[in-house]
Amino acid sequence: MASSSLPPTATLTGPYSTKTLSSSSSSITTSLSPFFPNKSQKPTTQCSVSLGGVRCQAKNGDNDHLEQGLGKLDRRNILIGLGAGGLYGAAGLENNPFAFAAPISAPDFTECGPSDKPDGSTIDCCPPITKTIIDFKLPDRGPLRVRRAAQDLEKDPVYLAKYKKAIALMRALPDDDPRSMAQQAMVHCSYCDGGYPQAGFSDLEIQVHFCWLFYPFHRWYLYFYEKIMGELIGDPTFALPFWNWDAPAGMYIPKIFTDPTSSLYDQYRNAAHQPPKLLDLNYGGTDDDVDDATRIKENLTTMYQQMVSKASSHRLFYGEPYSAGDDPSPGAGNIESIPHNNIHLWTGDPNQTNGEDMGAFYSAGRDPLFYSHHSNVDRMWSIYKDLLGGTDIDKTDWLDTEFLFYDEKKNLVRVKVRDSLDTRKLGYVYDNKVPIPWLEAKPNPRKSQNQRKAAVSSGDLTTTFPATLSDKISVEVARPSTTKRTSAQKKAQDEVLVIKGIEFAGNEPLKFDVFVNDDADSEAGKDQSEFAGSFIHVPHKQKKNMKTNLRLSITKLLEELDAETDASLVVTLVPKLGKGPITIGGFSIELLNTT
């Protein structure tokens, strides 16, 4: 890491404050008054500055209030808030790593350390060290590789033979070859289980889950995995198949992965979830007793909600911002949370200590099915932009985040998020003939408004927070407005339920379901409007407690429940999976800008 030092004094100027920071100072205080015309709401923020980074804490207020004005108050935003004339222009500060909202840099492989398994033991997932790093360049245009649905390949013996051969050759490579199956699995382990510290913030890990890096990291991961397979079999047109779990034809483990004699097989999968067992996109650790028709209907409605009705903003679809100096795991986006996490838990072997292979991040990459699972996750990103009108994030601290991967020639390559945005430029597309039935799978309320109000009022309400979620709890949450909003207002701002301060043991699987204005004594089905969503966690390296938030769009839900003018909503949490205490810090309903 390049060294940097503060000048004897530096004047910090900008639209929010003018302060002087000396090299002997340990902190600065800045006022954010332009966002808070009411002095009683105006907080100040104390920031501790060191060469390791900046840490800020709100005073006379809290981050929840500040989120309304700044989006998020943290050490990044308080510094970028000083403006182009502030730290950017402060003499001697131009090389300081904390002087702007910086993207996360590629990891230093020499700083890689042991990754922690959920059970508390450690594993060495560090890659081979190569001194020469090549910056990625987009490939020359040529024929596009077409990723096809895995269940459509059962009758294509030519393709299947290539796929099996590619994986067999990856498995046969020495474990220290960066192209080997063993090393490819370790890529996920290091990036997802605390193997790498952030450059300039040695006390903070790089974590590509539970944040806005989820989609681009895994796209790059699959890109190089696919290129390695093509190189090994001498076919640069080879494309990785996707597990088409969002349509009925693919709602089971594809049969090409279930032959015990095949290189595509993994012995550590849930024996009870082999074909023709239907996948549960809302899986919570146990198999509930519903017929196949109901399961398919619930799965399709889940996809509609996660991709359409609840994906109205970047923050909801991609996940929470996560930049240099930020604490990891600020919050997952819709698809990462459901069904991505659920499928990991549904597939992994519950008889293994940590639910290996798919049921834990450190081991998930050992199963060839993992890569096809994530190929469909990547396809959801393409559908979001190509069919649903979604756009990419325009923030440089997202676009310029870097990762390192070994390519098919064993070169170590540095990539940026900005080069991953167009699959065509990367040389591949998804088969567009595959049906997308969930586009029309809208939920419906199970009761009329009067029936619902009578049922809700019969339940006991929790009023004191933080609260322990050991059993079902219900809470009344005030809405920001009781005036019915116009279509234009809804398009500009989404109404969002925020469940704050969710604290739990990070090394344990966890799931709880969220219902709005539901019957106090029974739960709505997953295909009904009262079901607002779930929080689900796949266990990974954290030995200590994790703390995060959950945001759920309720704009469409309010329309479906005829509750747009209600002064408050009753929110019910129902625990489904988890060991140890789960703490809920509180609730709010907020209006979130959709861009």
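How each quantity is defined
Positions within a chain are numbered from 1, following the residues in the order the chain's sequence is written. Reporting of local features is limited, given that this is a predicted model, to residues whose pLDDT is at least 70; pairs of side-chain atoms are given and counted only at 80 or more, and all residues count toward the totals for whole chains, interfaces and linings. Only hydrogens and water are removed before side-chain values are computed, so all heavy atoms of the structure are retained for them. Working definition: a disulfide is two cysteine sulfur atoms within 2.5 Å of each other. In this text, helices come from DSSP runs of H or I with a minimum length of four residues, and strands from runs of E with a minimum of two, each type numbered from the N-terminal end. Fitted lines through C-alpha atoms give the axes, limited to the stretch in contact for helices. The angle between two N-to-C directions lies from 0 to 180 degrees. For classification purposes, angles smaller than 35 degrees are called roughly parallel, those larger than 145 roughly antiparallel, those between 65 and 115 roughly perpendicular, and all remaining angles oblique. Contacts are assigned to residue pairs that have any heavy atoms within 4.5 Å of one another. Amino acid classes used here: Ala, Val, Leu, Ile, Met, Phe, Trp, Tyr, Cys and Pro are nonpolar; Asp, Glu, Lys and Arg are charged; the rest, including Gly, are polar. Each residue gets a pLDDT score, which is the predictor's confidence in that residue and runs from 0 to 100. Pairing between strands requires that DSSP locate at least two bridges from one strand to the other. Side-chain atoms within 4.5 Å are what join buried Ala, Val, Leu, Ile, Met, Phe, Trp, Tyr and Cys residues into a set we call a nonpolar core. For every residue, the accessible area (1.4 Å probe, protein chains only) is compared with the maximum for its type, and the residue is labelled buried under 20%, exposed over 50%, or partly exposed between those bounds.

## Let's talk about the state of the cysteines
(1) Moving on: In the structure shown here, the tally under the stated rule is 2 disulfides.
(2) Moving on: Covalently, C112 is tied to C126 through a disulfide, its sulfur atoms 2.2 Å apart. The S-S bond linking C112 to C126 shows a torsion near -90°; that makes this disulfide left-handed. Residue C112 is located in the loop between α2 (75–80) and β6 (115–116), and its partner C126 is located in the loop between β7 (122–123) and β8 (133–135); the two are separated by 14 residues in the primary sequence.

## Details of the packing of helix α4 (residues 181–192) against helix α5 (residues 214–233)
(1) Moving on: In the contact formed by α4 and α5, the axes pass within 12 Å of each other and the chain directions differ by 170°. Relative to α5, α4 is oriented roughly antiparallel. Between α4 and α5, the residues in contact are M181, Q184, A185, V187, H188 and Y191 and F217, H218, Y221, Y225 and I228, respectively.
(2) Moving on: Residues belonging to the contact of α4 with α5 are distributed by class as follows: 8 nonpolar, 3 polar and no charged.

## Regarding the confidence of the model for the protein chain
(1) Moving on: Per-residue confidence for the protein chain averages 84 on the pLDDT scale, and 81% of its residues sit at or above 70.
(2) Moving on: Counting contacts from residues 1–99, a segment whose pLDDT is below 50, to residues more than four positions away or on other chains yields 180 contacts.

## Some thoughts on the sheet that holds strand β16 (residues 473–478)
(1) Moving on: The sheet built from 4 strands is open, its strands ordered β16-β21-β18-β19 with antiparallel pairing. Edge positions in the open sheet fall to β16 and β19 (531–537), since each of these has one partner strand only. Adjacent strand axes in the sheet meet at a mean angle of 25°, parallel and antiparallel pairs treated alike.
(2) Moving on: Note that β16 and strand β21 (residues 568–577) share 6 bridges and pair antiparallel. Following the sheet pairing, V475 is matched in β21 by V571.
(3) Moving on: Here helix α8 (residues 334–347) sits on the sheet and contacts β18 (510–516), β19 and β21; the angle it forms with β19, its principal contact strand, is near 50°.

## Side note on the sheet that holds strand β13 (residues 412–416)
(1) Moving on: Pairing is mixed in the open sheet, where 3 strands are placed in the order β8-β13-β12. Two strands close off the open sheet at either side, each with one partner strand: β8 and β12 (402–406). Averaged over all neighbouring strand pairs, the angle between strand axes comes to 35°, with direction disregarded.
(2) Moving on: With 5 bridges connecting them, β12 and β13 associate as antiparallel partners. Paired with E402 across the two strands is K416, which belongs to β13.
(3) Moving on: Set on the sheet, α5 makes contact with β12 and β13; between it and β12 the angle comes to about 15°.

## Brief notes about the nonpolar core
(1) Moving on: One finds Y163, Y191, W398, F403, I499, V514 and L573 to be the most contacted residues of the largest nonpolar core, which totals 126 residues.
(2) Moving on: A total of 12 residues in this core trace back to one element, the largest contributor, which is α5.
(3) Moving on: Dropping the residues within four chain positions of it, W398 is found in contact with W212, L213, P216, Y318, W381, D392, I393, V417 and L421.
(4) Moving on: I123, C125, C189 and Y362 belong to the second largest nonpolar core, which has 5 residues in total.

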